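Structural overview for review
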Amino acid sequence: QVQLEESGGGLVQTGDSLTLSCAASGIALDAYTIGWYRQAPGKEREAISCFAARENTLYYADSVKGRVSISGDTAKNTVFLRMSGLKHEDTGKYYCAADERPCGNRWPLYSGADYWGKGTLVTVSS
């Protein structure tokens, strides 16, 4: 069955850079929009970025725009989220998800996704 697995999280300092990976199994990268979400304890889940290889479309939330870059490697069936200039408010558990909705300005308004990973924790010390 379809599985998504995040990796790359850890403890970093303010201003550091970090790259997260989302490895997909059981699906072709071109067939889905791959999105990244994050959630801090007691707070709502936030959609931060997505990538759709078939349409070659990208989306970045205002909270991370200019500090985040999303890309995909079809050979590895993996989507990467490169982050720089990390802030304390970037702390949270980061999830990747796959769905069939388009990746664009309306993507954050969608209520859910077809498949979810278990998440990887990012902690930015202040």
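Below is a summary of the structure that appears in this document. Remember, it's a predicted structure, so these values are computed and weren't measured experimentally. (Residues numbered from 1 in each chain as written. Predicted model: local features only at pLDDT ≥ 70, side-chain atom pairs only at ≥ 80, totals over all residues. Heavy atoms only, no water.)

Examining the packing of aromatic side chains
Using the following cut-off: For Phe, Tyr and Trp, rings pair up if their centres lie within 6.5 Å, where Trp contributes its six-membered ring, and each pair is then called stacked (planes under 30 degrees apart), edge-to-face (over 60) or tilted (otherwise). Secondary structure elements are defined from DSSP: runs of H or I of at least 4 residues count as helices, runs of E of at least 2 residues count as strands, and each element is numbered from the N terminus. Classification of residues uses two cut-offs on accessible area relative to the type maximum, computed with a 1.4 Å probe and protein chains only: under 20% is buried, over 50% is exposed, and between them is partly exposed.
Per the stated rule, a full pass over the model turns up four aromatic pairs. An angle of 75 degrees between the planes, with centres 6.0 Å apart, marks the rings of tyrosine 32 and tyrosine 115 as edge-to-face. With tyrosine 32 in the loop between strand S3 (18-25) and strand S4 (33-39) and tyrosine 115 in strand S10 (residues 115-116), this residue pair connects regions lying 83 residues apart in the sequence. For tyrosine 32, a relative accessible area of 14% gives the class buried. Here the aromatic residues Tyr37, Tyr59, Trp107 and Trp116 are joined through ring pairs into a cluster of three or more.

A closer look at the side chain of glutamate 6
Filter applied, for reference: For the purpose of charge, His is not counted, nor are the chain termini; Lys and Arg are scored as positive and Asp and Glu as negative. Any carboxyl oxygen of Asp or Glu within 4 Å of a side-chain nitrogen of Lys or Arg constitutes a salt bridge here. Polar contacts, as used here, are pairs of N or O atoms within 3.5 Å; protein pairs need one atom able to donate a hydrogen and one able to accept it. Residues neighboring in sequence count only if both atoms are side-chain atoms. In this analysis, two residues are considered to be in contact whenever any of their non-hydrogen atoms come within 4.5 Å of each other.
Among the structural elements, glutamate 6 can be located in strand S1 (residues 3-7). The side chain of glutamate 6 sits in the buried core without any salt bridge; lysine 93 is the nearest counter-charge, 8.1 Å away. A polar contact of 2.8 Å, which involves the side chain of glutamate 6, links it to the backbone nitrogen of cysteine 96. A distance of 3.1 Å separates a polar side-chain atom of glutamate 6 from the backbone nitrogen of lysine 118. When near neighbours in sequence (up to four residues on either side) are disregarded, glutamate 6 contacts Ser21, Trp36, Tyr94, Tyr95, Cys96, Gly117, Lys118, Gly119 and Thr120.

Quick word on the environment of phenylalanine 51
Turning to its location among the elements, phenylalanine 51 is positioned in strand S5 (residues 46-52). For the pair phenylalanine 51 and valine 79, spaced 28 residues apart in sequence, the C-alpha separation works out to 8.1 Å. The residues contacting phenylalanine 51, other than those within four sequence positions of it, are Tyr32, Thr33, Ile34, Thr57, Leu58, Ile70, Gly72, Val79 and Cys103.

Topic: the sheet that holds S3
Applicable threshold: When DSSP finds two or more bridges between two strands, those strands count as paired. Axis geometry follows a simple rule: fit a line to the C-alpha atoms, using only the stretch in contact for helices, then measure angles between N-to-C directions, giving values from 0 to 180 degrees.
Read from one edge of the open sheet, four strands run S1-S3-S8-S7, paired in antiparallel fashion. Across the chains shown, the open sheet's two edge strands, defined by having one partner strand only, are S1 and strand S7 (68-73). With strand direction ignored, the average angle separating the axes of adjacent strands in the sheet is 15 degrees. Looking at chain direction, S1 and S3 are connected through five bridges and run antiparallel. Bridge pairing in S3 places serine 7 opposite serine 21.

On their own, these measurements won't tell you what the molecule is for.
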